[in-house]
Amino acid sequence: MTSVSSRPLVAIYPGSFDPLTNGHLDLISRGASLFDRLLIAILRNTQKAPLFPVDERIQMIREASSHLENVEADSFEGLLVDYAARRGASVFLRGIRAVSDYEAELQMALLNRRMGGVETIFLMAGEEFSFLSSRMIKEIVTLGGDVSNFVPAPVAARLRKRFPGQR
Ligand code: PNS
């Protein structure tokens with residue numbers, strides 16, 4: 001995507017990424033080709049009990065996206081629009097898997113545009129990943145299933161350590 005001004009087009013792909021899936025990574029690599037810089041921003045959410053701490057999630061994203069030069073992984077607290085202003089980002093990137101994602105995404109995009117003037121660009125999830133979600137990955141591994149086909153290698157390795165009983 002060519003920036004209309006001469007300023008570099010910086011986009012933020014925000015989320016929990018707990019853990020990163022192959023669907024997220026597909027969106028990251030497609031997003032990286034659209035923007036000058038793509039910041040993957042993990043929400044530091046004190047209310048959720050995460051599978052992996054934020055710093056480990058950042059590390060996994062860095063390892064899985066190390067071949068993409070314009071991608072950076074970071075974390076943020078508070079409002080996403082405030083983080084975007086601090087980082088000089090003008091666009092959010094989000095993925096849509098199915099119609100069921102649409103309503104919540106629409107609400108978030110409209111709020112973010114109203115509060116911070118930041119547009120959200122949606123990419124349709126790759127069809128081979130549209131059934132994937134971090135929530136399902138967590139459920140499968142905690143029940144002893146193998147998720148190595150669904151997550152990038154650095155994530156699969158950590159999950160194997162964490163859940164050694166995986167089939
Ligand atoms: O991966 P997720 O859980 O769908 O990501 C949700 C996320 C982190 C993008 C969203 O909860 C968020 O941006 N939270 C930050 C707080 C905020 O700005 N809220 C108002 C707009 S929704």
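Here the residue numbering is sequential within each chain, running from 1 through the sequence in written order. For a predicted model such as this one, the threshold for reporting local features is a pLDDT of at least 70, and the threshold for listing and counting side-chain atom pairs is 80 or more; totals across whole chains, interfaces and linings nevertheless cover every residue. Values reported for side chains reflect all heavy atoms of the structure, with hydrogen atoms and water molecules removed beforehand.

Engineer: Please clarify how the overall build of the protein should be interpreted in this entry.
Structural biologist: Under the scheme used here, helices are H or I runs from DSSP no shorter than 4 residues and strands are E runs no shorter than 2 residues, and both carry numbers assigned from the N terminus. Assigned secondary structure in the protein consists of six helices and five strands. Starting at the N terminus, the α and β elements of the protein follow one another as β-α-β-α-β-α-β-α-β-α-α. Its C-alpha atoms give the protein principal-axis dimensions of roughly 50 × 30 × 30 Å. Relative accessible area decides the class of each residue, using a 1.4 Å probe on protein chains only: under 20% of the type maximum gives buried, over 50% gives exposed, and in between gives partly exposed. The proportion of buried residues among the 167 residues of the protein is 46%. Note on contacts: a residue pair qualifies if any of its non-hydrogen atoms lie within 4.5 Å across the two residues. Partitioning the contacts of the protein with sequence separation of at least 6, the portion at a separation of at least 24 is 72%. Accessible surface area values rest on a Shrake-Rupley calculation with a 1.4 Å probe, where residue burial reflects the displayed protein chains alone. When the accessible surface of the protein is totalled, it reaches about 9400 Å², and 53% of it is carbon and sulfur. In the protein, 20 side chains carry a positive charge and 19 a negative one; their mean positions are 4 Å apart. Lys and Arg are tallied as positive, Asp and Glu as negative. Neither His nor the chain termini are counted. Think of each charge as sitting on NZ of Lys, CZ of Arg, CG of Asp or CD of Glu.

Engineer: Mind showing me how you'd approach the site of the ligand here?
Structural biologist: Nearness is defined per residue: one heavy atom within 4 Å of the molecule or strand is enough. Close to the ligand lie Pro14, Gly15, Ser16, Leu43, Lys48, Phe76, Gly78, Leu79, Leu80, Arg94, Met108 and Asn112, which account for all nearby residues. With respect to the ligand, the side chain of Ser16 contributes an N or O atom lying 2.7 Å from an oxygen atom. Residues adjacent in sequence count toward polar contacts only when both atoms are side-chain atoms; beyond that, a polar contact is any pair of N or O atoms within 3.5 Å, and within protein one must be able to donate a hydrogen and the other to accept it. Note that an oxygen atom of the ligand is positioned 3.0 Å from one of the side-chain N or O atoms of Arg94. In the complex, 71% of the free accessible area of the ligand, which totals 540 Å², lies under the protein chains. Elements represented by at least two residues in the shell around the ligand include exactly strand S1 (10-15) and helix H4 (99-116). In the scheme used here, Gly and all other residues not listed as nonpolar or charged are polar, with Ala, Val, Leu, Ile, Met, Phe, Trp, Tyr, Cys and Pro taken as nonpolar and Asp, Glu, Lys and Arg as charged. Tallied by class, residues from the shell around the ligand come to six nonpolar, four polar and two charged.

Engineer: Explanation requested: helix H2 (residues 54-64) in the structure shown.
Structural biologist: Along H2, the residues classified as buried are Val54, Arg57, Ile58, Met60, Ile61 and Ala64. The buried residues of H2 occupy one face: seen down the axis, they fall within an arc of 160°. Summarising the contacts, the buried residues of H2 are in contact with helix H1 (22-32), strand S2 (37-43), strand S3 (71-76) and helix H6 (153-162). Arc definition: directions from the helix axis to the C-beta atoms.

Engineer: Can you walk me through the packing of aromatic side chains in this structure?
Structural biologist: Both the distance between ring centres and the angle between the ring planes are used here to describe each pair of aromatic rings. Any two of the Phe, Tyr and Trp rings considered here, Trp counted by its six-membered ring, make a pair once their centres fall within 6.5 Å; the pair's planes then place it as stacked at under 30 degrees, edge-to-face at over 60, or tilted in between. Scanning the entire structure with this criterion turns up three aromatic pairs. Their ring planes at 90° and their centres at 5.0 Å tell us that Tyr13 and Phe17 sit as a pair that is edge-to-face. Over a ring means this: the NZ of a Lys or the CZ of an Arg is within 6 Å of the ring centre and within 35 degrees of the ring normal. Above the face of the Phe52 ring, Arg162 is positioned so that its terminal group lies 5.4 Å from the ring centre.

Engineer: Hey, could you run me through the environment of Ile96 in this one?
Structural biologist: In this fold, Ile96 is placed in strand S4 (residues 91-96). On the basis of relative accessible area, Ile96 is assigned to the buried category, the value being 10%. Counting along the chain gives 22 residues from Ile96 to Asp74, while the straight-line C-alpha distance between them is 22 Å.

Engineer: So what exactly am I meant to see when it comes to the pairing of S1 here?
Structural biologist: Both faces of the sheet carry side chains from a regular strand, because those side chains alternate between them. For S1, a buried count of six out of six residues is recorded, marking the element as mostly surrounded by other parts of the structure. Side chains of S1 alternate between two faces, with Val10, Ile12 and Pro14 and Ala11, Tyr13 and Gly15 buried alike. Direction of pairing for S1 relative to S2: parallel, over a ladder of six bridges. Bridge pairing in S2 links Ile12 to Leu39. The handedness of a crossover follows from its direction of travel: if, with the strands pointing away from the viewer, the path from the first strand over the helix to the second runs clockwise, the crossover is right-handed. The parallel pair S1 and S2, bridged by H1, forms a crossover whose chirality is right-handed. At least two bridges found by DSSP between two strands is the condition for calling them paired. When S1 meets S4, the two strands line up parallel, connected through two bridges. Within the sheet, the bridge partner assigned to Ile12 lies in S4 and is Phe92.

These figures come from the coordinates and say nothing about function on their own.
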